[in-house]
Amino acid sequence: MDGTTTNHPGRQARSPAGDPLCEKPSLTTMAQSIPYAELHCLSNFTFLRGASHPQELVGRAIEQQYEAIAITDECSVAGVVRALVELKERAAQGQHIRLIVGAEFRLKCGLRFVALAPDRPGYGKLCRLITRGRRNAPKGSYALDRIDVQALLSGCLILWLPGVEPDASEGAWLQQLFPGDVWLAVELLREGRDRQRLAELQRVGRELAMPLVAAGDVHMHVRERAELQDVLTAIRHNVPLAEAGWRLYQNSERHLRSKAELARLYPPELLAETVAIANRCTFSLEELKYEYPRELVPRGETPTSYLRQLVEEGARARWPEGMSEKTRATIENELSIIQDLKYEPFFLTVQDIVRYARSQNILCQGRGSAANSVVCYCLGVTAIDPERNEACLLVERFISRERDEPPDIDIDFEHERREEVIQYVYRKYGRERSALAATVIMYRPRSAVRDVGKAFGLDPLQLARLARTIQWWDGSKIDEQRVREAGISPESSVLVHVMKFAHELMGFPRHLSQHVGGIVISAGRLDELVPIENATMEDRTVVQWDKDDLDELRLLKVDLLGLGMLTALRRAFRLMNDYWEGSGKYPKRYTLGECPAEDPHVYEMISNADTVGVFQIESRAQMSMLPRLRPKCYYDLVIEVAIVRPGPIQGDMVHPYLRRRTGEEQVSYPSEAVRSVLDRTLGVPIFQEQVMKLAMVAAGFTGDEADALRRAMAAWKRKGGLEKFRDKLINGMLERHYEREFAERIYNQMMGFGEYGFPESHAASFALLVYDSAWLKCYEPAAFTCALLNSLPMGFYAPAQLVRDAREHGVEVRPVRVESSCVDSTLERREEDGGGLAAPALRLGLKLVKSLSMAGAQRIETARAKRPFESVQDLAERAALDRGDLEALAAAGALESLSGNRHLAFWEVAGTERPLPLAPRGVRTANEEEGRPLLTTPSDWETVLADYHSIGLTLGAHPLKL
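Residues numbered from 1 in each chain as written. Predicted model: local features only at pLDDT ≥ 70, side-chain atom pairs only at ≥ 80, totals over all residues. Heavy atoms only, no water.

Caption draft 1: Local environment of the layout of surface pockets. Within this model, the second largest pocket holds a volume of roughly 860 Å³. The wall of the second largest pocket is formed by 30 residues, among which Arg112, Val164, Glu191, Asp217 and Arg254 lie closest to the centre. Elements supplying a minimum of two residues to the lining of the second largest pocket: strand 3 (98-106) and helix 6 (194-208). Residues of the lining of the second largest pocket, tallied by class, amount to nine nonpolar, five polar and 16 charged. (1 Å grid on protein atoms, 1.4 Å probe; cavity = no way out; pocket = protein on both sides within 12 Å on 5 of 7 lines; lining within 4 Å. Points joined across faces, edges and corners; volume = space filled by probe spheres on them. Helix = DSSP H or I, 4+ residues; strand = E, 2+ residues; numbered from the N terminus. Nonpolar A, V, L, I, M, F, W, Y, C, P; charged D, E, K, R; others polar.)

So this is what it looks like as structure tokens:
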């Protein structure tokens, strides 16, 4: 195979020469004055069909001087926001074109048509039909009948796409359903029978009295994408290109052709009709006005009055002895901004979700920009006391009167119970008013190489080896030696073509997935704002726009995220509170944010890098930083969370900060404006927000420009999104008399943030979890370790490391035993010499036993609650354990109290019998006891090996000691 795609039977040459309609050269000079609008255009959001980004289509249509372009992806509007963004950027440059929103459909009966939204009601109907089709089918497909169209699609303009043999009854049915709003689309694509096709469609049009209109069935913005479109077709049909045959198009005419070409092909009246239809489509996506849910406001209250009522109630609970004047002023300022921007329903919605979680004893905490506000503290959304965190950012930095941007609040829930909260939102607002945000899964180097290689006939083994030669940061880089080891010559034409098309495919959308937790809620029908479709996970639905699209249209998104540490903290607090209740050790039952603040012993432990299991600061990188930074207060933890990140590290911010903290380097500021931004971090920009503020005070950025800069520095964005800001940033600083060296350094630090820079608002929320988890480790290591074991998998450490660390902190750890262990690990009481309550012991749980079924473990716990087990046979009968469960328990040493040792346990497991209904087994008799073999006790080495094989850790000697 040489990589070409000319294997299509009868494929015509790419050149339009020789077409029977190319007879009007005089029209070429007149073409630029002929108006035209493309009304049938697929982007690459019609996955594996379209071969161009929506932005490319809009840009090319402007270059071709079209009047308008319709993005009509198949049963989808997933790409239209990208087109809108490009449209707005071009408009800022004085280049204009109208964007029409539509969609292509193929019904079960085979009828194909394009629906265009002429106005806001028509757009809502279009979205509801897309929703119906997507919800009727598994993820990634759709299914529609004529009755669905009849019920939902009134108010749209319809382009009928007849088949090879036009069926007039299809057009007649559409005319009956959409009187006066149906056109017969004529798509002449130089496939050898254009003149005949035009005459045939004109005949059908006369028969039905249906007007004709020109259309292009566009799949790409330029002709050069035709070969990539062929590759996409092969991938979609899961066949090699050599076998794709008639699945490929005959030529490359499905691109945005020049008006001169169109004038040669179409009668003038068909071209003019495209503009007449476009003129009827006045709808713009910018008309979409989001309305927040309002049913949370009681009768007789307004959103403003009810929010104030909740805030005042929360303030009295937070500060029973009264708040400071500064805090009161902050509350009034925040409420004033919220009222001006009419964001009260948003905060009420978030408060309601948090209230529900707390009512179900689900631990949660808000974070994100607006979460670090006094209003959110009073509402219980966040546990961060603004008086404890003096550097907590003012709310107008995030809820701005000037920018009028939606608030940003992420809420972390226990990862094991987040689904309960998501289902609560679905129940409260309905599937028509709530859905998860989408995530667009893009082609990355390895996935692109795999799919393209498969299309070129490479076998799976070759593909796997070839993919491993590609690095994620450079899709065109090939390790020639490894390619040869994969059995492919680096000089082969196949490999050259595979890499060429894989490079082109990079960044193309592959499919829609669900966002990790972003959920959209609306006052009215959400499916009239954006289509909703099924997710892969059961009982999940997603909208067709991702978070960037939602932000662009200013639609509310609340992030409901799962966090394993919250699960562990909730369990740890419950274990601690239950164990010590009534002992007088603690004045109350503690929960998140209520541990005694600023405890020096906790900070001493952190400074010694004794942080195994502690949230965010348990990695080796963090442990190496802690003795150097030596946190002494809460804000030091905020900095610690943020500074060990790729952004500050690559931006060369870590060492200067440490040197200034220890006094080795003098702190200086080029101006008081810069001091106001960087004073709390000793002149070094560590947080995203500081970089934004620097751009404003030192380079003259507006609020909108700073927000665009923030988006470019968003988490995990690769370098490359900041170059367009470079000149404005550096020139702005030079104009304000800053040194070029300072300006260059700030820009380089921003480039580091382009890799990964942490927001201060998130670091402040995480720092609270850092402190609480460290406090638990310091004062209640048994409860803390027990909670971690019961919340796995999470963090960096395996059970063996957690248990070893707990024992080093004086915790007595007891082994798994069927007579004592529950499914989860538990705390057991220990009496002090004086009769008081000693620090608890940790009993390992049955869930740690490998190969033991969860159902079996639960039956053991249930059966033991009635009476103790008397023998292995008794255990097997009452807990209904099969041979596999019994052998797993024997291997783990969990039967030693019933059998003596592991060897005897296996012997007794081998002798267990299933009880017969008429002859149940009784307790072991003395004769049976006398028949037990004299098996030796396992050696220390055998015990250690068995422990690691069966539960992944040992309470015996360390292997190196043996």
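Now, onward.
Caption draft 2: Quick look at helix 7 (residues 226-237). A rise of 1.5 Å per residue sets the reference length of helix 7, with its twelve residues, at 16 Å; its end C-alpha atoms lie 17 Å apart and thus fit the reference within 8%. Here helix 7 lies mainly inside the structure; nine of its twelve residues are buried. Taken residue by residue, helix 7 has Ala226, Leu228, Gln229, Asp230, Val231, Leu232, Thr233, Ala234 and Ile235 as its buried positions. Close packing links the buried residues of helix 7 with helix 15 (445-455) and helix 18 (493-505). Asn238 sits one or two positions beyond helix 7 and adopts a positive phi of about 60°. (Expected span 1.5 Å × (residues − 1). Buried < 20%, exposed > 50% of the residue type's maximum accessible area, 1.4 Å probe, protein only. Contact = heavy atoms within 4.5 Å.)

Caption draft 3: View of the nonpolar core. Within the largest apolar cluster, 126 residues are counted, with the highest numbers of intra-cluster contacts made by Leu126, Leu285 and Trp545. Sequence-distant contacts of Leu126, defined by excluding residues within four places in its chain, comprise Val77, Val101, Gly102, Ala103, Phe105, Ala115, Ala117, Leu153 and Cys156. (Core = buried A, V, L, I, M, F, W, Y, C linked by side-chain atoms within 4.5 Å.)

Caption draft 4: How the structure looks around helix 32 (residues 781-791). In terms of burial, helix 32 is largely enclosed, as eleven of its eleven residues are buried. Turning to helix 32, its buried residues number three or more, namely Pro781, Ala782, Ala783, Phe784, Thr785, Cys786, Ala787, Leu788, Leu789, Asn790 and Ser791. Along its buried surface, helix 32 packs onto helix 20 (564-580), helix 31 (760-779), helix 33 (799-808), strand 16 (826-828) and strand 17 (841-843).

Caption draft 5: Looking closely at the confidence of the model for the protein. A residue-level look at the protein finds 88% of positions with pLDDT of 70 or above and a mean pLDDT of 86. Contacts for the low-pLDDT stretch residues 1-25, under 50 throughout, to residues beyond four places or in other chains number 61 contacts. A low-confidence stretch, residues 923-928 (pLDDT under 50), is modelled with eight contacts involving residues beyond four sequence positions or located in other chains. (pLDDT = per-residue confidence, 0-100.)

Caption draft 6: Main features of the sheet that holds strand 4 (residues 112-116). Spatially, the seven strands line up as an open sheet ordered 1-2-3-4-5-6-7, and their pairing is mixed. What marks the edges here is a single partner per strand, and that holds for strand 1 (37-38) and strand 7 (212-214). Strand direction decides the pairing type here: strand 2 (residues 68-71) and strand 3, joined by four bridges, are parallel. Counterpart to Ala70 in the pairing with strand 3 is Ile100. Contacts from helix 5 (residues 168-177) reach strand 4, strand 5 (157-160) and strand 6 (182-186), with the element oriented near 175° to strand 5. (Pairing = 2+ DSSP bridges. Axes fitted to C-alpha atoms, helices over the stretch in contact; angles between N-to-C directions.)

Caption draft 7: Region of interest: the side chain of Arg571. Inspection of the secondary structure puts Arg571 in helix 20. A polar contact is formed between the side chain of Arg571 and the side chain of Ser791, at a distance of 3.1 Å. Apart from the residues within four sequence positions on either side, Arg571 is in contact with Glu416, Ala787, Asn790 and Ser791. (Polar contact = N/O pair within 3.5 Å; in protein donor to acceptor, adjacent residues only side chain to side chain.)

Caption draft 8: Inspection of the packing of helix 20 against helix 32 at higher detail. Look at helix 20 against helix 32: their axes get within 8 Å of each other, and the N-to-C directions meet at 135°. Classed by the angle they form, the pair helix 20 and helix 32 counts as oblique. At the point where helix 20 passes helix 32, the crossing takes the right-handed sense. Note on element contacts: helix 32 touches helix 20 through Ala783, Phe784, Cys786, Ala787, Leu788, Asn790 and Ser791, opposite Met565, Thr567, Ala568, Arg571, Ala572, Leu575 and Met576. (Parallel < 35°, antiparallel > 145°, perpendicular 65-115°, else oblique. Left-handed = near helix turned anticlockwise from the far one by under 90°.)

Caption draft 9: The packing of aromatic side chains, seen in detail. Evaluation of the coordinates by the stated rule reveals 16 aromatic pairs. Each ring, one from Tyr603 and one from Tyr771, has its centre 5.7 Å from the other, and the planes form 45°; the classification is tilted. Here Tyr771 lies in helix 31 and Tyr603 lies in helix 21 (residues 600-607), a separation of 168 residues in the sequence. Each member of the pair Tyr603 and Tyr771 is classed as buried. On the numbers, 5.5 Å between centres and 25° between planes, the contact of Tyr738 with Phe742 is stacked. (Phe/Tyr/Trp six-rings, centres within 6.5 Å; stacked < 30°, edge-to-face > 60°.)

Caption draft 10: A look at unusual backbone geometry. Of the consecutive residues Leu792 and Pro793, the connecting peptide bond is found in the cis state with omega at 5°. Of note in the backbone geometry, Asp217 takes a positive phi value of approximately 45° without being a glycine. By the element assignment, Asp217 lies in the loop between strand 7 and helix 7. The class of Asp217 is buried, set by a relative accessible area of 7%. For Leu682, which is not glycine, the phi torsion reads 60° and is therefore positive. Structurally, the position occupied by Leu682 is in the loop between helix 26 (672-678) and helix 27 (688-699). Overall, Leu682 belongs to the partly exposed group, its relative accessible area being 22%.

Caption draft 11: Region of the structure containing a positive patch on the surface. The grouping of Arg446, Arg450, Arg465 and Arg468 at the surface amounts to a positive patch. Elements with a minimum of two residues in the positive patch: helix 15 and helix 16 (460-468). Within the secondary structure layout, Arg468 lies in helix 16. With a relative accessible area of 42%, Arg468 lands in the partly exposed category. (Patch = residues over 30% accessible without salt bridge, like charges linked within 9 Å, V, L, I, M, F, W, Y side chains within 5 Å. Areas by Shrake-Rupley, 256 points an atom, 1.4 Å probe, with all protein chains shown as cover. Salt bridge = Lys/Arg side-chain N within 4 Å of Asp/Glu carboxyl O. Lys, Arg positive; Asp, Glu negative; His and termini not counted. Charge placed at Lys NZ, Arg CZ, Asp CG, Glu CD.)

Caption draft 12: Focus on empty space enclosed by the protein. Under the criterion given, the structure shown has four cavities of 30 Å³ or more. Considered as a void within the structure, the largest cavity measures approximately 60 Å³ in volume. Along the walls of the largest cavity sit Gly613, Glu618, Leu788, Leu792, Met794, Gly795, Phe796, Tyr797 and Leu802, which together make up its complete lining. The residue makeup of the lining of the largest cavity, split by class, is six nonpolar, two polar and one charged.

Caption draft 13: Molecular detail of the pattern of salt bridges. Scanning all chains against the criterion turns up 62 salt bridges. Salt bridges sharing common partners tie together Arg190, Arg223, Glu253, Arg257 and Glu261.

Caption draft 14: Geometry of the packing of helix 15 against helix 16. With their axes 9 Å apart at the nearest point, helix 15 and helix 16 run at an angle of 150° to one another. Here helix 15 is positioned roughly antiparallel relative to helix 16, judged by the angle of their axes. Of the two elements, helix 15 crosses helix 16, and the hand of that crossing is right-handed. Every residue of helix 16 that contacts helix 15 at Arg446, Val449, Arg450, Gly453 and Lys454 is listed here: Leu463, Leu466, Ala467 and Arg468. A class-by-class count of the residues in the contact of helix 15 with helix 16 yields four nonpolar, one polar and four charged.

Caption draft 15: The sheet that holds strand 13 (residues 541-546), seen in detail. A sheet is described by the order of its strands in space; here seven strands give the open sequence 8-9-14-11-10-13-12, paired in mixed fashion. The outermost strands of the open sheet, each flanked by one partner alone, are strand 8 (364-367) and strand 12 (532-534). Strand-to-strand twist of the sheet, defined as the mean angle between neighbouring strand axes without regard to direction, takes the value 45°. Here strand 12 runs beside strand 13; their pairing, made up of three bridges, is antiparallel. By the bridge assignment, Asn534 is partnered in strand 13 with Thr541.

Caption draft 16: Just a nonpolar patch on the surface, in detail. A cluster of nonpolar side chains, contributed by Trp941, Leu945 and Leu962, occupies part of the molecular surface with about 290 Å² of accessible area. Following the sequence through the fold, Trp941 ends up in helix 40 (residues 940-951).

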